[in-house]
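# Examining the three-dimensional arrangement
In case you want the letters, here they are:
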Amino acid sequence: GWALQSALATPLLLRLGAPAAALAWLRLPGPAAGLLVQPAVGFASDRAGRRRPFLALGAGLAALGLAAMALAEAQGSIEVAFVGLWLLDIGFNSADAAARALVADSGDAARQTQLQSVVAGALSLGQILGYSLAAFAGAGRGAGASALCAPALWAGSALTMVTLLLALVLGPRDDARRGGFESGAGTGTRDAAPLLSAEGSEASASPLPERGAPLRA
């Protein structure tokens, strides 16, 4: 999705009549969403104790954004394309934050390198597929060649939903995170309170001698 946006958004906006001087403002949703959405999703999913609903919602919004961009080309509407860009960026940033947090919640520290490698490989594969679709759409051949953007955007939307289904079926569950959170795994604060209370009870059970009292052998 991000690869399709990076390759096709500019020629699509130019085809729809956007002035070249305004392209930087029209591409603002990307960094703005990354700055605001990812921390918000991380905080909200921490409070909710679940990641998968945020992953599903984010991927759904991203697929909807790609579809909106495809429809914008057919309708000749730059406004619809701009809304699609916002939906795409908000959706993918939400899904990315939730997916990375879900992977971090799953498995012990010894497996994190392997799990993060799988995520990095999946992202690289997505980039290859996205830029390949954009290349077949004629990206980089001028604004007029963006007439073929819609098929690539529809394909990207469909692939996003297929990837979401695979992630929900084959990916880790939120149950693992809730169990770890409730038992204190990875937090430290859940185990600290019983430890401190135990130390306190031991200290109260064996008080130090009062100041000035003679020590006995």
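## Observations regarding the overall build of the protein
Helix and strand counts for the protein come out as 9 helices and 0 strands. Element order for the protein, N to C, with α for helix and β for strand: α-α-α-α-α-α-α-α-α. Of the contacts made within the protein by residues no fewer than 6 positions apart, 73% connect residues no fewer than 24 positions apart. Summed over all atoms, the accessible surface of the protein reaches about 12,400 Å², with 67% contributed by carbon and sulfur.

## Quick word on the layout of surface pockets
For the largest pocket, the calculated volume is near 1,200 Å³. Contributing to the lining of the largest pocket are 35 residues, with Val119, Ala122, Leu123, Thr163 and Ala167 lying nearest its centre. Looking at the lining of the largest pocket, the elements with two or more residues in it are helix H1 (2-15), helix H4 (52-75), helix H5 (78-105), helix H6 (109-136) and helix H7 (149-170). For the lining of the largest pocket, the element with the most residues is H6, which contributes 11 residues. By residue class, the composition of the lining of the largest pocket is 24 nonpolar, 9 polar and 2 charged.

## What to know about the pattern of salt bridges
Between side chains of opposite charge, a pair can form when the charged atoms approach closely. The full count for this structure, using the stated rule, is 4 salt bridges. As a salt-bridge pair, Arg15 and Glu73 come within 4.0 Å of each other at their nearest N and O atoms. Linking Arg15 in helix H1 with Glu73 in helix H4, this pair joins segments that are 58 residues apart in sequence. In this structure Arg15 comes out as partly exposed when scored by relative accessible area, which is 41%. Overall, the relative accessible area of 9% leaves Glu73 in the buried class. The residue Arg51 makes a salt bridge to Asp46 at a minimum N-O spacing of 2.9 Å.

## Some words on the packing of aromatic side chains
Within the structure shown, the criterion is met by 1 aromatic pair. Ring centres of Phe82 and Trp86 lie 6.4 Å apart, and the angle between their planes is 90 degrees; this geometry places the pair in the edge-to-face category. Here Phe82 and its partner Trp86 are both found in helix H5, 4 residues apart, which amounts to about one turn of the helix.

## Comments concerning the nonpolar core
One recurring pattern in soluble globular proteins: nonpolar side chains tend to sit buried together. Core analysis: the biggest nonpolar cluster contains 24 residues, and Leu4, Leu8, Leu13, Met69, Leu88 and Leu153 have the highest contact counts within it. For this core, the elements supplying multiple residues, two or more each, are H1, helix H2 (23-26), H4, H5 and H7. With 6 residues, the top contributor of residues to this core is H1. Residues within four places of Leu153 in sequence aside, it is in contact with Leu8, Leu12, Leu66, Met69 and Ala70. Listed in part, the 9 residues of the second largest apolar core include Val37, Val41, Ala59 and Ala95.

## Section: the packing of H1 against H5
The contact between H1 and H5 brings their axes to 12 Å, and the two run at 165 degrees. Classified by the interaxial angle, the pair formed by H1 and H5 is roughly antiparallel. In this structure, H1 meets H5 at a crossing whose hand is left-handed. Packed against H1, whose contacting residues are Trp2, Gln5, Ala9 and Leu13, the element H5 presents Ile78, Ala81, Leu85, Leu88, Asp89, Phe92, Asn93 and Asp96 at the interface. Grouping the constituent residues of the contact of H1 with H5 by class yields 8 nonpolar, 2 polar and 2 charged.

## Brief notes about a nonpolar patch on the surface
Together, Val162, Leu166, Val169 and Leu170 make up a nonpolar patch on the protein surface, roughly 410 Å² of accessible area in all. With respect to the helices, strands and loops of the structure, Leu166 is situated in helix H7.

## Observations regarding the side chain of Arg52
Note on placement: Arg52 falls in helix H4. If sequence neighbours within four positions are ignored, Arg52 has contacts with Leu102, Ala167, Leu168, Gly171, Pro172, Arg173 and Asp174.

## Notes on the environment of Leu61
Here Leu61 lies in helix H4. Excluding residues within four positions of it along the chain, Leu61 makes contact with Leu87, Leu88, Ile90 and Gly91.

## Overview of the packing of H4 against H7
One can describe the packing of H4 onto H7 by two numbers: an axis separation of 8 Å at closest approach and a directional angle of 170 degrees. Between H4 and H7, the angle falls in the class roughly antiparallel. Between H4 and H7, the contacting residues are Arg52, Leu55, Ala56, Ala59, Gly60, Ala63, Leu66, Ala67, Met69, Ala70, Leu71 and Glu73 on the first element and Cys149, Ala150, Leu153, Trp154, Gly156, Ser157, Thr160, Met161, Leu164, Ala167 and Leu168 on the second.

Rules behind the numbers
- Residues numbered from 1 in each chain as written.
- Predicted model: local features only at pLDDT ≥ 70, side-chain atom pairs only at ≥ 80, totals over all residues.
- Heavy atoms only, no water.
- Helix = DSSP H or I, 4+ residues; strand = E, 2+ residues; numbered from the N terminus.
- Contact = heavy atoms within 4.5 Å.
- Areas by Shrake-Rupley, 256 points an atom, 1.4 Å probe, with all protein chains shown as cover.
- 1 Å grid on protein atoms, 1.4 Å probe; cavity = no way out; pocket = protein on both sides within 12 Å on 5 of 7 lines; lining within 4 Å.
- Points joined across faces, edges and corners; volume = space filled by probe spheres on them.
- Nonpolar A, V, L, I, M, F, W, Y, C, P; charged D, E, K, R; others polar.
- Salt bridge = Lys/Arg side-chain N within 4 Å of Asp/Glu carboxyl O.
- Buried < 20%, exposed > 50% of the residue type's maximum accessible area, 1.4 Å probe, protein only.
- Phe/Tyr/Trp six-rings, centres within 6.5 Å; stacked < 30°, edge-to-face > 60°.
- Core = buried A, V, L, I, M, F, W, Y, C linked by side-chain atoms within 4.5 Å.
- Axes fitted to C-alpha atoms, helices over the stretch in contact; angles between N-to-C directions.
- Parallel < 35°, antiparallel > 145°, perpendicular 65-115°, else oblique.
- Left-handed = near helix turned anticlockwise from the far one by under 90°.
- Patch = residues over 30% accessible without salt bridge, like charges linked within 9 Å, V, L, I, M, F, W, Y side chains within 5 Å.

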